[in-house]
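What follows is each chain in one-letter form.
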Amino acid sequence: MAIGLPMHVVVLADKSTPVSQLPALFCQGLCNQLKAMQDNLFMYYKGGQFSTPEVYHFSLPGFPHLITTVYPKDKSEDELESHRKDLHCKLLLAPDRPLLRRANRFMFADDPNRSVYLTNTHVGLPPSGVEDGREYLVYGTYAYHHYMQDHMDDNGWGCAYRSLQTICSWFRHQGYTEKPIPTHRQIQQVLVDVGDKAQKFVGSKHWIGSIEVSTCLDQILDITSKIMFVNNGAELSNKGRELAVHFQTQGTPIMIGGGVLAHTILGVDFSEVSGEVKFLILDPHYTGSEDLKTIQDKGWCGWKSGDFWDQQAYYNLCMPQRPTMI
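Fair warning: this is a prediction, and the values are worked out from it, not measured in the lab.

Cut-offs and rules
Within every chain, residues take consecutive numbers counted from 1 along the sequence as written. Owing to the predicted nature of the model, reporting of local features is limited to residues with pLDDT of at least 70; listing and counting of side-chain atom pairs is limited to 80 or more, with chain, interface and lining totals taken over all residues. Side-chain numbers come from the whole structure's heavy atoms, not from hydrogens or water. Note on geometry: axes are C-alpha line fits, over the in-contact stretch for helices, and angles between N-to-C directions span 0 to 180 degrees. Strands are runs of DSSP state E lasting at least 2 residues, helices are runs of H or I lasting at least 4, and numbering of each runs from the N terminus. By convention the crossing between two helices is left-handed if the near helix lies anticlockwise of the far one by an angle smaller than a right angle, and right-handed if it lies clockwise. When checking whether two residues touch, look at their non-hydrogen atoms; a contact exists if any pair is within 4.5 Å. Residue polarity is assigned by list, with Asp, Glu, Lys and Arg as charged and Ala, Val, Leu, Ile, Met, Phe, Trp, Tyr, Cys and Pro as nonpolar; anything else, Gly included, falls into the polar class. Candidate patch residues must exceed 30% relative accessible area and have no salt bridge, after which like charges are joined if within 9 Å and Val, Leu, Ile, Met, Phe, Trp or Tyr side chains if within 5 Å. Note on areas: Shrake-Rupley, 1.4 Å probe, and residue coverage restricted to the protein chains presented here. One speaks of a salt bridge when a side-chain nitrogen belonging to Lys or Arg is within 4 Å of a carboxyl oxygen belonging to Asp or Glu. A simple rule labels every residue: compare its accessible area, found with a 1.4 Å probe on the protein chains alone, to the largest value its type can have, and call it buried under 20%, exposed over 50%, or partly exposed in between. The pairing criterion is simple: DSSP has to find at least two bridges between the two strands. Nonpolar cores are built from buried Ala, Val, Leu, Ile, Met, Phe, Trp, Tyr and Cys residues. Side-chain atoms within 4.5 Å join them into one set. Between 65 and 115 degrees an angle is taken as roughly perpendicular, under 35 as roughly parallel, over 145 as roughly antiparallel, and anywhere else as oblique. Detection works on a 1 Å grid of protein atoms alone, calling trapped sets that fit a 1.4 Å probe cavities and calling open sets with protein on both sides within 12 Å along at least five of seven lines pockets, with lining residues defined by an atom within 4 Å of a point. Grid points are joined across faces, edges and corners, and a volume is the space filled by probe spheres set on the points. The convention is simple: Lys and Arg are positive, Asp and Glu are negative, and His and the chain ends are not counted. Charged groups are reduced to one reference atom each: NZ for lysine, CZ for arginine, CG for aspartic acid, CD for glutamic acid. Taking the helix axis as origin, the arc is that swept by the directions to the C-beta atoms.

Participant: Please clarify how the packing of helix α3 (residues 159-173) against helix α5 (residues 210-221) should be interpreted in this entry.
Facilitator: The axes of two packed helices give the description: the angle between them and the distance between them. At a minimum axis distance of 11 Å, the contact between α3 and α5 shows a crossing angle of 40°. The crossing of α3 and α5 is right-handed. Contacts between α3 and α5 pair A160, L164, I167, C168 and F171 from the former with V213, C216, L217 and L221 from the latter. Grouping the amino acids of the contact of α3 with α5 by side-chain chemistry returns 9 nonpolar, no polar and no charged.

In structure tokens:
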């Protein structure tokens, strides 16, 4: 029996390490990885059959370097749960969120599965300027979904759909689901199937709001959401502490809808001293190319003060609650 072993070795080296020492480091890394693959082969040997081991690297909170592990190719995430629990315990990782699922793996620049969408567009933004403020931000990775992507002209009506897609991308990137990002038509069909909309809604250009986004998250991903209601945009400036708690405990993007517009809140900068708050906004109304500099410089992703919101319109915020799982 012959089994191909797809090696992928990463080694930790100080920047002052002489190039002449790198071959020895990689040889040791190869030996360590072969031993890990051997252990994995025997661990999952069953019925005279071996399962091909695959190598995954992870960038984990609290670790200054990548962590490497080996999983059998033909085992599902559910079948690997006890394996991951053991690794979480050994590495002292949080026991309530996915960190070592395949979807959590570190993506190298040449990874064919790397997202075609921009991710974490807020990274690199200047500070908000809130005096004595503390930033409370989205946890992990999300993709920026906006108008005109995917060969879909939704300019003028699809902002809440795009915000929902961004939220779904967060749950995919964090390993909570392997389901694909829903299309506009699939979102509309879900709302028809639950009796919220008539059949003619499918294929239309009708808006959706926070309640519909919550319904879709429940039906598509089995994710529950809290809904926060505010009477007008001015009232949002009084919600800094509540939003900070959300990002501390849940870490999920928030979809906010009011008037005729929808946006995604990625975080807040909140001062316990003054009560001042600024909102980190991802704007789905952007229609340009995937140009991070333009997106940041023109404010499509950026810090906004309370006067960003319509002071007369009421708002609903869909605040997804992450499941407890690993």
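Participant: What exactly am I supposed to notice about a nonpolar patch on the surface here?
Facilitator: On the surface, W207, V260 and L261 cluster together to form a nonpolar patch covering roughly 310 Å² of accessible area. Relative to the elements of secondary structure, W207 occurs in the loop between α4 (184-193) and α5.

Participant: Just to check I follow, could you spell out the pairing of strand β5 (residues 254-258) for this structure?
Facilitator: Every regular strand shows the same layout, with side chains that alternate between the two sheet faces. With 5 of its 5 residues buried, β5 lies for the most part within the structure. Residues I254, I256 and G258 point to one face of β5 and M255 and G257 to the other, with burial holding for every one of them. Judged from the 5 bridges that link them, β5 and strand β6 (residues 261-270) form a sheet pairing that is antiparallel. Paired with G257 across the bridge in β6 is A262. Bridge analysis of β5 against strand β9 (residues 315-320) gives 4 bridges, and the strand direction is antiparallel. Each residue of the ladder has a partner; that of M255, found in β9, is C318.

Participant: In this structure, what is going on with α4? I would like to understand it.
Facilitator: Quick reminder: α-helices carry 3.6 residues per turn. Residues three or four places apart thus point the same way. Among the residues of α4, H184, I187, Q188, V190, L191 and V192 are the ones counted as buried. Buried residues belonging to α4 abut α3 and α5.

Participant: So what exactly am I meant to see when it comes to unusual backbone geometry here?
Facilitator: A negative phi holds for most residues other than glycine; trans holds for most peptide bonds. Even without glycine at this site, L92 takes up a positive phi of about 55°. With respect to the helices, strands and loops of the structure, L92 is situated in the loop between α2 (81-91) and β3 (134-137). Of note in the backbone geometry, D150 takes a positive phi value of approximately 60° without being a glycine. Note that D150 resides in the loop between β3 and α3.

Participant: For this particular structure, what's the right way to read the nonpolar core?
Facilitator: Across soluble globular proteins, you tend to see nonpolar side chains buried next to one another. Ranked by internal contacts, the top residues of the largest apolar core, which has 59 residues, are L217 and L317. In terms of residue count, α3 provides more of this core than any other element does, 8 residues in total. Apart from the residues within four sequence positions on either side, L317 is in contact with S210, K226, I227, M228, L236, L243, I254, M255, I256 and I265. Counting 11 residues, the second-largest nonpolar core is a separate cluster that includes Y56, L80, L93 and L100.

Participant: What am I meant to see in the pattern of salt bridges here?
Facilitator: Note that side chains of opposite charge can pair when their charged atoms are close. Under the criterion given, the structure shown has 14 salt bridges. Note that K197 is salt-bridged to D196, the shortest N-O span being 3.8 Å. For D196, a relative accessible area of 40% translates into the label partly exposed. Residues participating in the shared-partner salt-bridge network are E77, R84 and R102.

Participant: It is not clear to me how the packing of α4 against α5 should be interpreted in this structure. Could you clarify?
Facilitator: Relative to each other, α4 and α5 sit at 90°, their axes nearing to 10 Å. Judged on the interaxial angle alone, α5 and α4 are roughly perpendicular. Between α4, through I187, V190 and L191, and α5, the contact on the second element is made entirely by E212, T215, C216, Q219 and I220. Looking at the contact of α4 with α5, its residues break down into 5 nonpolar, 2 polar and 1 charged.

Participant: In this structure, what is going on with the layout of surface pockets? I would like to understand it.
Facilitator: Over the atoms rolls a probe the size of a water molecule, and in doing so it shows where empty space is left. Taken as a whole, the largest pocket holds about 1200 Å³ of empty space. Taken together, 33 residues line the largest pocket, and the ones lying closest to its centre are A103, R105, M107, T141 and H173. Split into classes, the residues belonging to the lining of the largest pocket amount to 14 nonpolar, 12 polar and 7 charged. In this structure, the second largest pocket encloses a volume near 520 Å³. Forming the walls of the second largest pocket are 22 residues, and the residues nearest its centre are A36, I67, T68, T69 and V70.

Participant: It is not clear to me how the side chain of H122 should be interpreted in this structure. Could you clarify?
Facilitator: If you trace the backbone, H122 turns up in the loop between α2 and β3. With sequence-adjacent residues up to four places away left out, H122 is seen in contact with L137, V138, Y142, L266, L280, Q296 and C301.

Participant: Sorry, what's going on with a negative patch on the surface here?
Facilitator: The grouping of D74, D78, E79 and E178 at the surface amounts to a negative patch. Overall, the relative accessible area of 63% leaves D78 in the exposed class.

Participant: Help me understand α2, please; the structure alone is not making it clear to me.
Facilitator: Among the residues making up α2, those that are buried are H83, R84, L87 and H88. Viewed end-on, α2 has its buried residues packed into an arc of 135°, placing them on one side of the element. α2 presents S82, C89 and K90 as exposed residues on the side facing more than 90 degrees away from its buried surface. Residues of α2 that are buried make contact with α1 (22-43) and β2 (67-72). Just past α2, the residue L92 takes up positive phi, approximately 55°.

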